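A closer look at the structure
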Amino acid sequence: MARISAIMRRRPELVALVGFGAVASVLLVVMKLASEIAEGETMAFDGAILRWLRSMAGVDTTFTGLVLGMTRLGDGFTLAVLVLLVTGFLFTARRHGMALFLVVAVTAGTLLVRLLKGVIDRPRPNVVEHWTSFSNASFPSAHAANSAIVYLTLAVLIARSVTSVAVRVYVVAAAMLLTFLIGLSRLYLGVHWPTDVLSGWIVGAGWALFCSSLAWWMQARRTIEAP
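Here we summarise the structure given alongside this text. Since we're looking at a predicted model, the values are computed, not measured. (Residues numbered from 1 in each chain as written. Predicted model: local features only at pLDDT ≥ 70, side-chain atom pairs only at ≥ 80, totals over all residues. Heavy atoms only, no water.)

1. Section: the nonpolar core
In summary, soluble globular proteins display a tendency toward joint burial of nonpolar side chains. Formed by 30 residues in total, the largest nonpolar core has its most connected members in M98, F101, L102, V150 and I224. Elements with a minimum of two residues in this core: α5 (76-92), α6 (96-120), α7 (142-159), α8 (165-188) and α9 (194-220). With 9 residues, the top contributor of residues to this core is α7. Aside from chain neighbours lying at most four places away, what touches L102 is V83, V86, T87, L90, T153, L154 and L157. (Core = buried A, V, L, I, M, F, W, Y, C linked by side-chain atoms within 4.5 Å. Buried < 20%, exposed > 50% of the residue type's maximum accessible area, 1.4 Å probe, protein only. Helix = DSSP H or I, 4+ residues; strand = E, 2+ residues; numbered from the N terminus. Contact = heavy atoms within 4.5 Å.)

Pasting the structure below:
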């Protein structure tokens, strides 16, 4: 690990290339999914998964309440409050560059998700009853994408600031689990197709990887504070 870090500090351009490659790969996969969706080739798969989940879960008001609580962890208000709190902490700790980086990274990522929604404009599922409200197009899932953008980006930045490998693994794994459960909650509630959530995870994880690579590069150039 130390050797890899040393190489990346000496060759920050490699980090930039990894980030660029991640974004290109994500866009390729998402556009392929969008093409399949536009041609209606995923409808049978999507519908079958939603019906199976609803039949397996049944109607349990207690469990549904828990799922609604989980899905709120990925809504815009919750994520905005979290980012503002972390940004305030970074400013208080005199890490102004990192604070600005976080705000720009999250804002740009969420704008990308909104752009994709507007361009693809996929209708919401109609094969099961909706158990929560929604406000815009279906693809990609904003809850899945934005939670991945925020939680994974924060996890990576935290992992960059500690030396313990166990702590790094825990932080990233916890962020991944939280993102997974938020996306799964959208399927249980019937407001997203499975391919919406899958694409949201891809976009969010790809953006977090890009931001991580960019942070490495900027820290190597002393543009933002090093860990």
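Having seen it, we continue.
2. Topic: the packing of α5 against α7
For the pair α5 and α7, the least separation of the axes is 10 Å and the interaxial angle reads 20 degrees. Considering the angle they form, α5 stands roughly parallel to α7. The handedness of the crossing between α5 and α7 is left-handed. Where α5 approaches α7, its residues T78, L79, L82, V83 and V86 are matched on the opposing element by N146, S147, V150, Y151 and L154. (Axes fitted to C-alpha atoms, helices over the stretch in contact; angles between N-to-C directions. Parallel < 35°, antiparallel > 145°, perpendicular 65-115°, else oblique. Left-handed = near helix turned anticlockwise from the far one by under 90°.)

3. A word on the packing of helix α4 (residues 61-72) against α8
When two helices pack together, their arrangement is given by the angle between the helix axes and the distance between those axes. Look at α4 against α8: their axes get within 9 Å of each other, and the N-to-C directions meet at 125 degrees. Taken as axis vectors, α4 and α8 run oblique relative to one another. Here α4 and α8 pass one another in a crossing that is left-handed. Where α4 abuts α8, its residues F63, T64, V67, M70 and T71 lie against L178, L181, I182, S185, R186 and Y188.

4. As for the layout of surface pockets
Within this model, the largest pocket holds a volume of roughly 700 Å³. Surrounding the largest pocket, 31 residues form its lining, G74, D75, G76, A142 and N146 being those nearest its centre. Within the residue set of the lining of the largest pocket, elements represented by two or more residues are α4, α5, α6 and α7. The dominant element in the lining of the largest pocket, judged by the number of residues it contributes, is α6, at 8 residues. Classifying every residue of the lining of the largest pocket gives 12 nonpolar, 13 polar and 6 charged. (1 Å grid on protein atoms, 1.4 Å probe; cavity = no way out; pocket = protein on both sides within 12 Å on 5 of 7 lines; lining within 4 Å. Points joined across faces, edges and corners; volume = space filled by probe spheres on them. Nonpolar A, V, L, I, M, F, W, Y, C, P; charged D, E, K, R; others polar.)

5. Describing the packing of aromatic side chains
Under the defined criterion, the tally for this structure stands at 2 aromatic pairs. Ring centres of F180 and W201 lie 5.4 Å apart, and the angle between their planes is 25 degrees; this geometry places the pair in the stacked category. With F180 in helix α8 and W201 in helix α9, this pair connects stretches of sequence that are 21 residues apart. Judged by relative accessible area, F180 falls into the partly exposed class, the value being 39%. On the basis of relative accessibility, which here comes to 23%, the residue W201 falls in the partly exposed class. For the ring pair W207 and F210, a centre distance of 5.3 Å and an interplane angle of 45 degrees mean the geometry is tilted. Of this pair, W207 and F210 both sit in helix α9, 3 residues apart, which is roughly one turn of the helix. (Phe/Tyr/Trp six-rings, centres within 6.5 Å; stacked < 30°, edge-to-face > 60°.)

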